Amino acid sequence: MLHTEELDRVGIDGWLESYQRKELLRILTCGSVDDGKSTLIGRLLHDSAGVFEDQLKALKKDTTRYGTTGEEIDFALLMDGLQAEREQGITIDVAYRYFSTPRRKFIVADTPGHEQYTRNMATGASTADLSIILIDARKGVLAQTRRHAFICSLLGIKHVVIAVNKMDLVEYSQATFEQIRRDCAEFLARVSIPDVHFIPMSARRGENVVGRSTTMPWYQGAPLLDYLETVHIAGDRNSIDLRLPVQLVLRPNLDFRGFAGTLASGVLRRGDEIVALPSGRHAFVKQVFVSGAEREEAGPGMAVTITLDREIDISRGDLIARPNNAPPLEHAVEAMVVWMSEDALAAGRSYLIKQSTLMAPVAVTDLRYRMSVNTLKSEEAAQLSLNEIGRIRLECAKPLSADPYARNRHTGAFILIDRMSNATVGAGMILDRTPAEQAIDRERRSRDAGTNLTPHSGTVSPEQRAARIGQRPFTLWLTGLPRSGKSSLAHALEHALFERGVQSVVLDGESLRKGLSSDLGFSARDRVEHVRRAGELAKLLNDHGQVVIAAFVSPTAEQRERARASVGAERFLEVFCDAPLATCESRDTTGFYARARKGEIPNVTGVDTPYEPPRAPTLRLDTAATSIEANIARLLELLSARMLLR
Amino acid sequence: MTTFQLTHLEELEAEAIAIIREVVAQFEKPVMLFSIGKDSIAMLRLAEKAFAPGKLPFPLLHVNTTFKFKEMISFRDEFVRSRGHQLIEWINQDGVKAGITPFNAGTQRYTHVMKTEALKQALSHYGFDAAFGGARRDEEKSRAKERVFSFRDRFHQWDPKNQRPELWSLYNGQVAKGESIRVFPLSNWTELDVWLYIYREQIPVIPLYFAKRRPVLDRNGTWIMRDDERMPLEPGEQPQMRSVRFRTLGCYPLTGAVESQATNLREVLEEMLRSRTSERQGRVIDYDEAGSMEQKKKEGYF
């Protein structure tokens, strides 16, 4: 009853005064029920008066019903939240608990420790300042101990307490404790946790949890709660690099244009010069509001709104930094990712990324390796399954600010979202790359995109070529399920254009796969590459005055966006050939769908990989019920309205 | 050199403001539940700060069960008027027509019709795709695992086994048409935090939270205030005048009072610090069965 003691000492006014200065510490507990983890948290809550009498009464009732401790109150039952879990006797999610002492308020994230719950632990670790890793003194260091330390290190937790529990069952042996400490040194050397602390304890008996133990006089250190109350965390925040991800633009009236967001790191003062990314425009800070009130300055973690001295274009997803300290903007980043979905991650897949306030489509271009969480060794892998961790390379059409996670826990983190189910499927941490890796990537990028190459300043420009041929080049991109009628439409359109004196080229799977893409198979990755080549080819043809009719399944918005970017948005028309899967299957005379259904052909859109219909195509054609002639008429109408016919 | 270490209240405040802003950025039509209680009042203050110097970019919604304390309704109207917010009141007219009261229908059915169903009606009627609620994880066991962005299917139902992982402060608000989320900006607050915040911000709260002599009945060891004549008396039963206050507010026949002498916020805080029972003790609704809240949440309750 620490609050009561404090009240008696300083009175309510003294208490309220000191409460205003109290800090928050977020804790993660790692371990399994067998290690006494829930008992430890229950003990912390109970001994620091975080459990109320009516909750205790319910707990006593639950103990007789579900408990495993006989007559003693089973503190573990305080922690298990949902009914099903209570009955199964396991915690299968992340539960949050709260308690406070006169010095600090604590948030405890309790997650299960088994390997199949790695994602839950990563979730709890993402916001934790400190973690408590439990070891059963009888069992010593286990594979799970290494796994827990690795996940804590990966998620950037700087303070770890190794709680050697159940000391009462090893006769409070100092030798056992010291042996465990030595065993930990081996794997602690391979992770990056700056501050590690060992405490011998018995959670069930409350020894070295809140009160000091009298049974282990050889231990000179503080009990757990003392350490939690005093560990220094203020230095963990990054107050050097100004990063303000813009969450919202507030325009309550014509005279006020405020940029609202939470300062991920750094300090922002009135009068400071800032740069907005990705635009690179500069401005000076006119006003700083912290939680709604105007201030001189703001620091890390504060919810702010700022106004600037001039009108520059800034919107949600942009980042405000300093001109001389801004993160690199990259279209490709390397990252560690914890996979959280039943649908595996593999190179070639595309997702939505949410990084700070930015949301954008990304493609996973490489899976470099998988990390074994038990041996801490990397191994080759074709995919990442649920609860697995690996290193990937991501490509994004929009530039990402690439602060490494090790330097910035807020801007260096991201989640991946499945575009069909909207589920959060992965948690990522951007890696700091060595200069050599950056050089390789720069080279690759210039090879890939070609945008960094200076084109030969040929004497004939695309405009001149187009004028000579006498037609306006464009790319009409037909997308839709296999057998939705794209190629038939493409050839019919070529014919119709030819009759009107417009020369065009049809690009489709058939024409490309025989030559240009003959080295490619049908893996997810090869399919992405195939479509990329089609986009690049369309661009070259357009540059040379040719009209292109491209017919590709191109199942993801990401792929189509890349094609649009290659060709140039002003010459790109996206046409959605919309026919239900059943119609496409029934039209199929080649047995293509049937073989896919049997599992003989993998990665078939509509069968085992999803098709993302375009949200806003230039034109949507019903290719199931409408005749080719009628659809051609509509396409000609579109082209004529865009002044693309002679 | 200024230090920028936030106090725990400042950190909770910043977190809540960020959550509220994130919803406005990601959703088309949010609404904030306003139940007139202390949590609602604190949440509303946070929302005001999130959009200052502008106004709230969403309306407030009060689901009125028609058995709220009279004082709550008058306080609500005055409070909302003085702050210039837009308020929508929703009453389940089907329940009113059917004459459902806590006395004739039993608490479970009454709550289901007049609170859960009413809320779903209101959300569907206006097409709100995100609804802020003042619930906290420390209130009840099943809430301890609730997400900040709590996903609901198009029937407003919650599936505890199918929740999205929530990492860092990266909230995934992607929903399909017809689906929605409930948002809990006060997830990490405790009852004590809410009161300390109200104290720090000097926000006016409804006087039912302060002790006063009120007419109460002893029902199974719980003090129930008879706020109007609709509550039938048992044979020979007489309301007694006791100095009581409320730790939570809801429908008066379902809300227990505690005996208290605390007549202002300072005294309430001291009493609470010395108290050994949780606030939900005064709620008849949780008592029924272990897991009863979880069951209600699955059905669409907040």
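For clarity, every value in this text was computed on a predicted model and none was experimentally measured. (Residues numbered from 1 in each chain as written. Chains lettered and ligands numbered in written order. Predicted model: local features only at pLDDT ≥ 70, side-chain atom pairs only at ≥ 80, totals over all residues. Heavy atoms only, no water.)

### Some thoughts on the overall build of chain A
Item 1. Within chain A one finds 18 helices and 30 strands.
Item 2. The buried share among the 646 residues of chain A stands at 55%.
Item 3. Sequence-distant contacts in chain A: of pairs separated by 6 or more residues, those separated by 24 or more amount to 71%.
Item 4. For chain A, the exposed surface amounts to about 27400 Å²; the carbon and sulfur share of it is 50%. (Helix = DSSP H or I, 4+ residues; strand = E, 2+ residues; numbered from the N terminus. Buried < 20%, exposed > 50% of the residue type's maximum accessible area, 1.4 Å probe, protein only. Contact = heavy atoms within 4.5 Å. Areas by Shrake-Rupley, 256 points an atom, 1.4 Å probe, with all protein chains shown as cover.)

### Looking at the overall build of chain B
Item 1. Helix and strand counts for chain B come out as nine helices and 10 strands.
Item 2. A buried classification covers 65% of the 302 residues belonging to chain B.
Item 3. Contacts in chain B between residues at least 24 apart in sequence constitute 75% of all its contacts with a sequence separation of at least 6.
Item 4. For chain B, the exposed area adds up to about 11600 Å²; of that, 49% sits on carbon and sulfur atoms.

### Topic: the packing of helix α2 (residues 38-51) of chain B against helix α7 (residues 191-201) of chain B
Residue and element names in this part refer to chain B.
Item 1. Put simply, α2 and α7 touch, their axes get as near as 10 Å, and they point 55° apart. As far as their axial angle goes, α7 and α2 are oblique. Here the hand of the crossing between α2 and α7 comes out left-handed. Facing α2, whose interface residues are Lys38, Asp39, Ala42, Arg45, Leu46 and Lys49, α7 presents Glu191, Val194, Trp195, Tyr197, Ile198, Arg200 and Glu201.
Item 2. The residue makeup of the contact of α2 with α7, split by class, is six nonpolar, no polar and seven charged. (Axes fitted to C-alpha atoms, helices over the stretch in contact; angles between N-to-C directions. Parallel < 35°, antiparallel > 145°, perpendicular 65-115°, else oblique. Left-handed = near helix turned anticlockwise from the far one by under 90°. Nonpolar A, V, L, I, M, F, W, Y, C, P; charged D, E, K, R; others polar.)

### Here's the deal with the sheet that holds strand β2 (residues 95-100) of chain A
Residues and elements named next belong to chain A.
Item 1. Spatially, six strands are ordered β2-β3-β1-β4-β5-β6 in an open sheet, and the strand pairing comes out mixed. With one partner strand each, in any of the chains shown, β2 and β6 (195-200) form the two edges of the open sheet. Looking at each pair of strands side by side, their axes are set apart by 25° on average, direction ignored.
Item 2. Examined bridge by bridge, strand β1 (residues 23-30) and strand β4 (residues 130-136) share four bridges and lie parallel to one another. (Pairing = 2+ DSSP bridges.)

### Observations regarding the interface of chain B and chain A
Quite often, the size of an interface is put as the accessible area lost when its parts meet.
Item 1. Taken together, the 68 residues of chain B in the interface contact 93 residues of chain A.
Item 2. Between the two partners, chain B and chain A, sit eight salt bridges.
Item 3. Glu11(B) is the salt-bridge partner of Arg26(A), the closest N and O atoms lying 3.6 Å from each other.
Item 4. Only α1 (8-26), α2, α7 and α8 (265-274) of chain B provide two or more residues apiece to the side of chain B that touches chain A.
Item 5. Examining the composition of the side of chain B that touches chain A, we find that 13 residues originate from one element, α1(B), more than from any other.
Item 6. Each residue belonging to the side of chain B that touches chain A can be placed in one class, and the counts come to 29 nonpolar, 17 polar and 22 charged. (Salt bridge = Lys/Arg side-chain N within 4 Å of Asp/Glu carboxyl O.)

### Section: helix α7 (residues 143-154) of chain A
Residues and elements named next belong to chain A.
Item 1. A rise of 1.5 Å per residue sets the reference length of α7, with its 12 residues, at 16 Å; its end C-alpha atoms lie 16 Å apart and thus fit the reference within 8%.
Item 2. In terms of residue burial, α7 counts as a mostly covered element, since 10 of its 12 residues are buried.
Item 3. Considered for burial, the residues of α7 that qualify are Gln144, Thr145, Arg147, His148, Ala149, Phe150, Ile151, Cys152, Ser153 and Leu154. (Expected span 1.5 Å × (residues − 1).)

### Regarding the sheet that holds strand β10 (residues 256-259) of chain B
All names here are of chain B.
Item 1. Around the barrel, which closes on itself, the four strands sit in the order β7-β8-β10-β9 with antiparallel pairing between neighbours. Neighbour-to-neighbour, the strand axes of the sheet open up by a mean angle of 70°, direction not taken into account.
Item 2. Where strand β7 (residues 212-219) and strand β9 (residues 240-245) come together, five bridges link them in antiparallel fashion. Bridging from a neighbouring strand, valine 216 pairs with glutamine 240 of β9.

### Focus: the packing of aromatic side chains
Item 1. A complete count under the given rule lists 26 aromatic pairs over all chains for this structure.
Item 2. Geometrically, the ring pair formed by Phe592(A) and Tyr593(A) is edge-to-face, given 5.6 Å between the ring centres and 70° between the ring planes.
Item 3. Tyr593(A) sits in the buried class, given a relative accessible area of 1%.
Item 4. Taken together, the ring pairs connect Phe67(B), Phe69(B), Phe103(B), Tyr110(B), Phe246(B) and Tyr252(B) into an aromatic cluster. (Phe/Tyr/Trp six-rings, centres within 6.5 Å; stacked < 30°, edge-to-face > 60°.)

### Quick notes on the pairing of strand β15 (residues 303-308) of chain A
Looking along a regular strand, one sees the side chains alternate between the two faces of the sheet.
All names here are of chain A.
Item 1. Of all six residues in β15, six are buried, a share of seventy percent or more.
Item 2. By the alternation rule, side chains of β15 split into Ala303, Thr305 and Thr307 and Val304, Ile306 and Leu308, which are all buried.
Item 3. The sheet contact formed by strand β9 (residues 256-262) and β15 spans four bridges and is antiparallel. Pairing of alanine 260 across the sheet is with threonine 305, part of β15.

### A look at the packing of α7(B) against α8(B)
All names here are of chain B.
Item 1. Packing of α7 against α8 brings their axes to within 10 Å, and their N-to-C directions diverge by 160°. With respect to their mutual orientation, α7 and α8 come out roughly antiparallel. Two packed elements cross with a definite hand, and for α7 against α8 that hand is left-handed. Here Glu191, Leu192, Trp195, Leu196, Ile198 and Tyr199 of α7 come into contact with α8, specifically with Leu265, Val268, Leu269, Met272 and Leu273.
Item 2. Of the residues that constitute the contact of α7 with α8, the class distribution is 10 nonpolar, no polar and one charged.

### So, the pattern of salt bridges
Item 1. Within the structure shown, the criterion is met by 70 salt bridges over all chains.
Item 2. A salt bridge links Glu510(A) to Lys514(A); its shortest N-O distance comes to 4.0 Å. Pair check on accessibility: Glu510(A) and Lys514(A) agree, each one exposed.
Item 3. Measuring nitrogen to oxygen at the nearest pair gives 2.9 Å for the salt bridge that ties Arg81(B) to Glu78(B). Of this pair, Arg81(B) and Glu78(B) both sit in helix α3 (residues 70-83), separated by three residues, roughly a single helical turn.
Item 4. For Arg81(B), a relative accessible area of 57% corresponds to the exposed category.
Item 5. Through salt bridges with shared partners, a single network forms among Glu13(B), Arg45(B), Glu48(B), Lys49(B), Arg83(B), Arg200(B) and Glu201(B).

### Brief notes about the confidence of the model for chain B
Residue and element names in this part refer to chain B.
Item 1. Mean pLDDT over chain B stands at 89; residues scoring 70 or higher make up 90%.
Item 2. When mean pLDDT is taken per element in chain B, strand β1 (residues 30-33) scores highest with 98 and helix α9 (residues 292-299) scores lowest with 65.
Item 3. Here residues 285-290 is a poorly scored stretch, pLDDT under 50, and it has 16 contacts once near neighbours within four places are set aside; other chains count. (pLDDT = per-residue confidence, 0-100.)

### Points about the pairing of strand β8 (residues 222-225) of chain B
All names here are of chain B.
Item 1. In this structure, β7 lies alongside β8, joined through four bridges in antiparallel fashion. Bridging across to β8, aspartate 218 finds its partner in tryptophan 223.
Item 2. Where β7 hands over to β8, the hairpin turn is made up of two residues, of which asparagine 220 adopts a positive phi near 50°.

### Some remarks on unusual backbone geometry
Item 1. Residue Pro278(A) is reached from Leu277(A) by a cis peptide bond, and omega for that bond is 5°.
Item 2. Here Pro278(A) shows up in the loop between β11 (273-277) and β12 (281-290).
Item 3. Along the chain, Ala52(B) connects to Pro53(B) via a cis peptide bond; the corresponding omega equals 0°.
Item 4. Mapped onto the elements, Pro53(B) comes out in the loop between α2 and β2 (60-63).
Item 5. Although it is not a glycine, Glu171(A) sits at a positive phi angle of roughly 55°.
Item 6. Here Glu171(A) is to be found in the loop between β5 (159-165) and α8 (174-188).
Item 7. Here Ser554(A), not a glycine, exhibits a phi torsion of approximately 30°, which is positive.
Item 8. A relative accessible area of 1% places Ser554(A) in the buried class.

### Section: helix α6 (residues 107-126) of chain B
All names here are of chain B.
Item 1. Between its terminal C-alpha atoms α6 stretches 27 Å, which fits the 28 Å expected from 20 residues at 1.5 Å a residue.
Item 2. Its axis deflected by about 30° at alanine 118, α6 carries its strongest bend there.
Item 3. Among all positions of α6, only Tyr110, Thr111, Val113, Met114, Thr116, Ala118, Leu119, Lys120, Ala122 and Leu123 are buried.
Item 4. In the segment just after α6, glycine 127 is the residue with positive phi, at about 70°. (Bend = angle between axes of the 7 residues up to and from the residue.)

### Describing the environment of Ser484(A)
Residues and elements named next belong to chain A.
Item 1. Relative to the assigned elements, serine 484 resides in the loop between β26 (475-479) and α12 (486-499).
Item 2. Here the alpha-carbon distance between serine 484 and alanine 624, two residues 140 residues apart in the chain, equals 7.4 Å.
Item 3. Residues within four places of serine 484 in sequence aside, it is in contact with Cys577, Ala579, Cys584, Arg587 and Thr623.

### As for the environment of Leu489(A)
Residue and element names in this part refer to chain A.
Item 1. Mapped onto the secondary structure, leucine 489 falls in helix α12.
Item 2. By relative accessible area, which is 2% here, leucine 489 ends up buried.
Item 3. With 62 residues separating them in the primary sequence, leucine 489 and alanine 551 have C-alpha atoms 8.7 Å apart.
Item 4. Setting aside residues up to four positions removed in sequence, leucine 489 forms contacts with Leu478, Cys577, Leu621, Thr623, Ile628, Asn631, Ile632 and Leu635.

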